[in-house]
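Coordinate inspection notes
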Amino acid sequence: MSSSHQTEQSHHPTFQQYVLVAIILFAITIVEFFAIFPDPNQIGAAKLPVLTILSAIKFAIVIMFYMHLKFDDRMFTVFFLAGLALAFLVGIAVLAMFTALDGEPRAFASAHAVPYAKGEHGGHGVEHIKPTAVPIPTVPPAVTTPTESAAPDVTATTAPEQAAEPSGGSGAGASIDIGTDGDALKFSTEALSAETGSQVTVNFNNGSSVNQHNWVLVQNGTKDAVATDGTAAGPGAAWVKPGDERVIVSSGLLNPGGSEAVTFTAPAAGTYQFVCTFPGHNFTMFGDFTVN
Amino acid sequence: MASITGVIARPTGYTGLWGWITTVDHKRIGVLYGVTAFIMFLIAGLEAGAIRAQLAQPDSTLIGPETFNRLFTMHATAMVFMVIMPLSASFFNFVVPLAIGARDVAFPRLNAFSYWVFLFGTLLMHASFLVGQVPDAGWFSYANLTSTTYSPNDGLDFWALGLLVLGVSSVAAALNFMVTIINMRCPGMTMMRMPVFIWMTLITSILLVLAFPVITVGLVELVLDRNFGTHFFDTSGGGDPILWQHLFWVFGHPEVYILILPPMGVVSEILPTFSRKPLFGYPVVIFSGIVIGFMSWAVWSHHMFTTGMGPTALTVFTITTMLIAVPTGVKIFNWIGTMWGGSIEFKTPMLFAIGFISLFIIGGLSGVSHAVAPSDFQQQDTYYIVAHIHYVLFGGSIFGILAGMYYWFPKLTGRMMGEGLGKWNFWLTFIGMNLTFFPMHFVGLNGMPRRIYTYGEEFGWGLLNSLSSLGYVVLFIGMLLLVINIIQSLRNGRVAGHDPWDAPTLEWSISSPPPVYNFAEIPRVEGRDPYWTTKRRAEAAGQPVAGPEARVDVSTIHMPSPSYWPAFAAVGVVLIAAGLLTHYSLSFVGGVIALLGTIGWSNEPATAPQSHH
Amino acid sequence: MAHAAEHAIEETTTGLNHRKMLMWVFLGSDCMFFAALVATYMVYRGQSLTGPYPIDIIDVPITTISTFVLLCSSFAMVQALSATNRDDQRGIRIWLLATAVLGAIFIGFQIYEFNHFKNLGLTLGTNLFGATFFTLTGFHGAHVTVGIIWLLGMLVVAMKGRLGPASSLDVELVGLYWHFVDIVWIIIFTLLYLIAGFDAGPAALPGG
């Protein structure tokens, strides 16, 4: 049954009233403009409350008069105000959680911000500035980086693709092939060996179809620590901390399907590990490298 | 204005495939939603089967990690957005106009548009399988796993764009049902006389229109981060991955109430019918639903307890989350009160409804344990949470939906579903569900994390996981019986008549299936449970209940004519999204189609020429 | 959106028109959309790791002018509705056209502004200011553009003489949408320009 709501649009503002609303809107905007221009601080701490209240007035008179909400059924007011109130409350809550309640993300941003030489007021006459933040590589590059290590005679070279066949090696000029276990976060073998002092070439093939990997030879028991530091070093360093003394040799960061030959002299006899230091892979993608 | 409606005139008939494509009849649209969603239920259920097969034993190599990630992502995303929500939508479509005494919804073409956009969005997201780039970052896709560094293929773009399209469908439908429920109730049906299911539909629709815009913004920002070089969620650019979590869960928590309130409404219809007494405490049940709706906005960060929000936020959200359990508990007491002292008939809909109550209580109890932040620190990201989710969404939402399916099947088809098969379906599902998910509480508290593709033997989780996988087999058989039951019932189920359950609400007063115009004469109601009132009065007076068809010349009833513009415009919408995945020119074409669709829709004559309606 | 004459006033439960109710609920929903975008801007205010910062880019005088343009367009919209109710056919066309043109001028200002910012080194991907600014104002501009297309569609109908008091609801609906887009701009202008428009970068070079 139809409730007896007032008939729609029984009251229409007149042309003069609409003009009046328009004039008030313009006037408020002019006041707002001069409150902050040319000097944004010229009304000091009153700026925020003044601008907020003035804008709220503009907001309200457009809604009430131009959108006719003042004269229409109250239900429309309920619908709109419900959405507006919820939007306001949830927005404030989220903002509070970022600003008032937990400062960490802000601290990081502030600590790493790059200051910028200001131009003239209003942005005129400012030189063209290039962004300087580290961009996220959209196509991760395969980076070949020379790495320092504790052992002498270390070079990393790029070689043509080779089949991934695990094989042990001994003596001078040993060649070891190692790949990945398909798309799993594992190498194709978990045990390699070499003779101390021999020239070893590890041919690493990344057989994964989706993951990037590297092959890093590290001191015994340090694989996770090296990986942690590598994560902090970032993709630009191929996920290995530059100058990390625990790293004997490492390959670059290989894209899916890529290969690299890493040649080095096998260090002193003992147990070492090889690991992939792409963030998170070190937990399962490692093996033992025994030097006899 | 025939020129703008194009070469093809507005359809006038209801036959064949074209009849389905152009339908604006809420009953048919309900069928479309239901069939599509049910097929998605079976597909997502098979994905679950693969998951359970892989996890049945430790160190299993049946399914690799990459595939496993895709499976659980698509299983969950499909179940939430392409199964439970559209199944609820199917009930909204079929039941709401009937239960409020209306002939259709407020915007029949918008209703059809919602369905087609849903279908195309589902297809878009599953097109990812065709190109082998399937979403694999979990159903809530946390940043920065979703950045192109860690998710380089297009899977997450399929996910984000697919969800954006599905969001259009949901919001359009929710707007439609809000206006329908507020503005198309029959004379005498005040808000406090509406069936509980209608109230729950209204609250759900309000939550939908207010929540989806928030995830829309999150998804847009994700797409921008992945494709346009922004750093919304990327710390190296000053962004914060936690912002994604906030945007997602501000939507996500109201979303879980969107998932559970309609099934609660269904259960609130079924319990009185099969207890043969009115719902206990109707105003309290309604009020609890409203309170749940309000409070659902105040609890979202309980999904983020382990992100280091600080003690103030932890405390506030612990308190609000514990408080929101209260109105749910109130509803449960009212349901029990409804059954108390009633003359209970244990037909299949009632079995599923009672199953709902017991399983939802268990899910609610584990939920309350998560509410306490310190205990959540142990539970978060373990199988304990998986147990909770499935008790409330399977034991809750799905059981409620299955109850509704058995309840309203006779009204939709004119035939009863088999009771014998129904009971087997129920018991196997009930037992299977508990066998699958109850062990997960233990294995979760013993430390088994979520989203791992295998686990070592040494953890000792193998036995309980095997039980869960065995439970899946039982569930599978149960669902198989459901499918058989549906097929058999459609073919030669017992003829239902208009009121097989002696039910209280208006939809049972018309024939099964209902005529296209629903009510020959718009009913006038005087209280709740109007059809019980009508029947009891007639009995008391010793007269049969008169059929209104006798009094009204139904050929004078004017129904909206079918239209192809909703489907046409929906094609435009999905092409806009698909173009962002392939070539921008496709998006442009989609935009043009959507614009033409809107123009055609607006200019279509209200009645097709030479229509009989 | 001209249908055959509407049914007699509102045989709906509340007496209110379906489409008007739909529009108001939709606007309530759109509040949440813009709130999430504004919240993102406010969360990231002052967090950009690199310049350019607002103070180098934001041009308050120019944008104040474009704000005036948009306010004028709301006035024109209100006149269009008024003309429709009076069955002033010439007035309907003039004011609908004026609203659309003023909206287009506003978009022109936006395009000029975006392009100018790009030349000054601010793009979507430059920093958080760029990302949040362009996303928020970009979506607002998209809403305005949709409104302009809608208005032009109404203008076509008006040119055929088919807009009048019987179809005033159609004009009212586009008006509600248009004014909403205007009040969203009021919020954006106040926050992004008047208040945050003078935000500068960090004062001192940190150790890192």
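Residues numbered from 1 in each chain as written. Chains lettered and ligands numbered in written order. Predicted model: local features only at pLDDT ≥ 70, side-chain atom pairs only at ≥ 80, totals over all residues.

**Focus on the overall build of chain A**
Assigned secondary structure in chain A consists of 5 helices and 9 strands. Along chain A, helices (α) and strands (β) appear in the sequence α-α-α-α-β-β-β-β-β-α-β-β-β-β when read from the amino end. (Helix = DSSP H or I, 4+ residues; strand = E, 2+ residues; numbered from the N terminus.)

**A few points about the overall build of chain C**
Each helix and strand in chain C was counted, giving 6 helices and 0 strands. When the helices and strands of chain C are listed from N to C terminus, the series reads α-α-α-α-α-α. Overall size of chain C, expressed as C-alpha extent along the three principal axes, is 75 × 35 × 25 Å. Contacts spanning at least 24 positions in sequence make up 84% of the contacts within chain C whose residues lie at least 6 apart. (Contact = placed C-beta atoms within 7 Å.)

**Notes on the interface of chain C and chain B**
Taken together, the contact between chain C and chain B spans 30 residues of the former and 32 residues of the latter. Only α1 (18-43) and α5 (128-159) of chain C provide two or more residues apiece to the side of chain C that touches chain B. Of the residues contributing to the side of chain C that touches chain B, the split by class is 16 nonpolar, 13 polar and 1 charged. (Nonpolar A, V, L, I, M, F, W, Y, C, P; charged D, E, K, R; others polar.)

**Thoughts on the environment of phenylalanine 38 of chain B**
In this structure, phenylalanine 38 of chain B sits in helix α3 (residues 26-55). The class for phenylalanine 38 of chain B is partly exposed, based on 19 C-beta atoms found within 10 Å. (Buried ≥ 20, exposed ≤ 12 C-beta atoms within 10 Å, placed from the backbone.)

**Topic: the sheet that holds strand β8 (residues 270-275) of chain A**
All names here are of chain A. Pairing is mixed in the open sheet, where 5 strands are placed in the order β3-β9-β8-β5-β6. Only two strands of the sheet have a single partner each, and these edge strands are β3 (191-194) and β6 (247-250). Each adjacent strand pair in this sheet contributes to an overall mean axis angle of 25°, direction not counted. Note: β3 against strand β9 (residues 286-291), 4 bridges, orientation parallel. Among the inter-strand pairings, leucine 192 is bridged to a residue of β9, identified as phenylalanine 289. The strands touched by helix α5 (residues 223-233) within the sheet are β5 (216-219), β6, β8 and β9, with β8 carrying the most contacts at an inclination of about 35°. (Pairing = 2+ DSSP bridges. Axes fitted to C-alpha atoms, helices over the stretch in contact; angles between N-to-C directions.)

**Overview of the packing of helix α1 (residues 15-36) of chain A against helix α2 (residues 47-66) of chain A**
Residue and element names in this part refer to chain A. Taken N-terminus to C-terminus, the directions of α1 and α2 make an angle of 165°; their axes are 10 Å apart at the nearest point. One element, α1, and the other, α2, form an angle in the roughly antiparallel class. Classified by chirality, the crossing of α2 by α1 is left-handed. Contacts between α1 and α2 involve Val21, Ile24, Leu25, Ile28, Val31, Glu32, Ala35 and Ile36 on the former and, on the latter, Lys47, Val50, Leu51, Leu54, Ile57, Lys58, Ile61, Phe65 and Tyr66. (Parallel < 35°, antiparallel > 145°, perpendicular 65-115°, else oblique. Left-handed = near helix turned anticlockwise from the far one by under 90°.)

**Thoughts on helix α6 (residues 155-183) of chain B**
With 29 residues, α6 of chain B should reach 42 Å at 1.5 Å per residue; the first-to-last C-alpha distance of 42 Å fits that figure. The element α6 of chain B is largely enclosed, with a buried count of 29 among its 29 residues. (Expected span 1.5 Å × (residues − 1).)

**Regarding the pairing of strand β4 (residues 199-205) of chain A**
Side-chain direction in a regular strand flips from residue to residue, so the side chains alternate between the two faces of the sheet. Residue and element names in this part refer to chain A. Burial of β4 is extensive: 5 of the 7 residues sit out of reach of the surface. Where strand β2 (residues 174-178) meets β4, 5 bridges bridge the pair, whose relative direction is parallel. Residue pairing for β4: isoleucine 176 is matched across the bridge by valine 202. Direction of pairing for β4 relative to strand β7 (residues 259-265): antiparallel, over a ladder of 7 bridges. Within β7, the position partnered with threonine 201 by the bridge is threonine 263.

**Quick look at the nonpolar core**
Residues Val165 and Ala403 of chain B are the most contacted members of the largest nonpolar core, which totals 290 residues. The next biggest cluster of nonpolar side chains, apart from the first, holds 36 residues, and it includes Ile178, Val202, Val218 and Phe286 of chain A. (Core = buried A, V, L, I, M, F, W, Y, C linked by C-beta atoms within 7 Å.)

**Describing the packing of α1 of chain A against helix α3 (residues 60-86) of chain C**
Direction vectors running N to C along α1 of chain A and α3 of chain C enclose 170°, while the axes themselves pass 11 Å from each other. Comparing their axes, α3 of chain C and α1 of chain A come out roughly antiparallel. The segment α1 of chain A lies against α3 of chain C, with Phe15, Tyr18, Ala22, Leu25, Phe26, Thr29 and Phe33 of chain A engaging Thr64, Thr67, Phe68, Leu71, Phe75, Val78 and Ser82 of chain C. Here the residues of the contact of α1 of chain A with α3 of chain C sort into 10 nonpolar, 4 polar and no charged.

**Brief notes about α1 of chain C**
Spanning 26 residues, α1 of chain C covers 38 Å between terminal C-alpha atoms, matching the ideal 38 Å at 1.5 Å per step. Where burial is concerned, most of α1 of chain C is hidden: 22 out of the 26 residues are buried.

**Quick word on unusual backbone geometry**
The omega angle of the peptide bond from phenylalanine 37 of chain A to proline 38 of chain A is 5°, so this bond is cis rather than trans. Here the phi dihedral of histidine 68 of chain A falls at roughly 70°; this positive angle occurs in a residue that is not glycine. Along the chain, histidine 68 of chain A turns up in the loop between α2 and α3 (74-99). Unlike most non-glycine residues, serine 141 of chain B shows phi in positive territory, near 40°. Tracing the backbone through its elements, the reader meets serine 141 of chain B in the loop between α5 (108-130) and α6. By the C-beta count within 10 Å, which is 23 here, serine 141 of chain B ends up buried.

**A few points about the environment of phenylalanine 588 of chain B**
Tracing the chain through its elements places phenylalanine 588 of chain B in helix α18 (residues 584-603). When the 13 C-beta atoms within 10 Å are taken as the criterion, phenylalanine 588 of chain B is described as partly exposed.

**Topic: the confidence of the model for chain C**
For any part of a model where pLDDT is low, the fine detail of the predicted coordinates should not be relied upon. All names here are of chain C. Here chain C averages 90 in pLDDT, and 92% of its residues register 70 or above. Below pLDDT 50 for its whole length, residues 1-8 participates in 12 contacts with residues either more than four positions away or in separate chains. With pLDDT under 50 throughout, residues 204-208 is counted as low confidence; its partners more than four residues away or in other chains account for 5 contacts. Scored by ipTM, the complex comes to 0.92, with pTM at 0.83. (pLDDT = per-residue confidence, 0-100.)

**Quick word on the environment of leucine 481 of chain B**
All names here are of chain B. If you trace the backbone, leucine 481 turns up in helix α15 (residues 462-492). For the pair leucine 481 and valine 80, spaced 401 residues apart in sequence, the C-alpha separation works out to 23 Å. For leucine 481, the contacting residues outside a window of four places in its chain are Leu421, Trp424, Asn425 and Leu428.

**With respect to the confidence of the model for chain A**
Residue and element names in this part refer to chain A. In the predicted model, chain A carries a mean pLDDT of 77, and the fraction of residues at 70 or more is 71%. Between the elements of chain A, mean pLDDT differs from a low of 37, seen in strand β1 (residues 155-157), to a high of 94, seen in α2. Across residues 1-9, confidence stays below pLDDT 50; counting only partners more than four residues off in sequence or on other chains, it has 12 contacts. In this model residues 118-171 is a low-confidence stretch, pLDDT under 50, and it forms 123 contacts with partners more than four residues away in sequence or in other chains.

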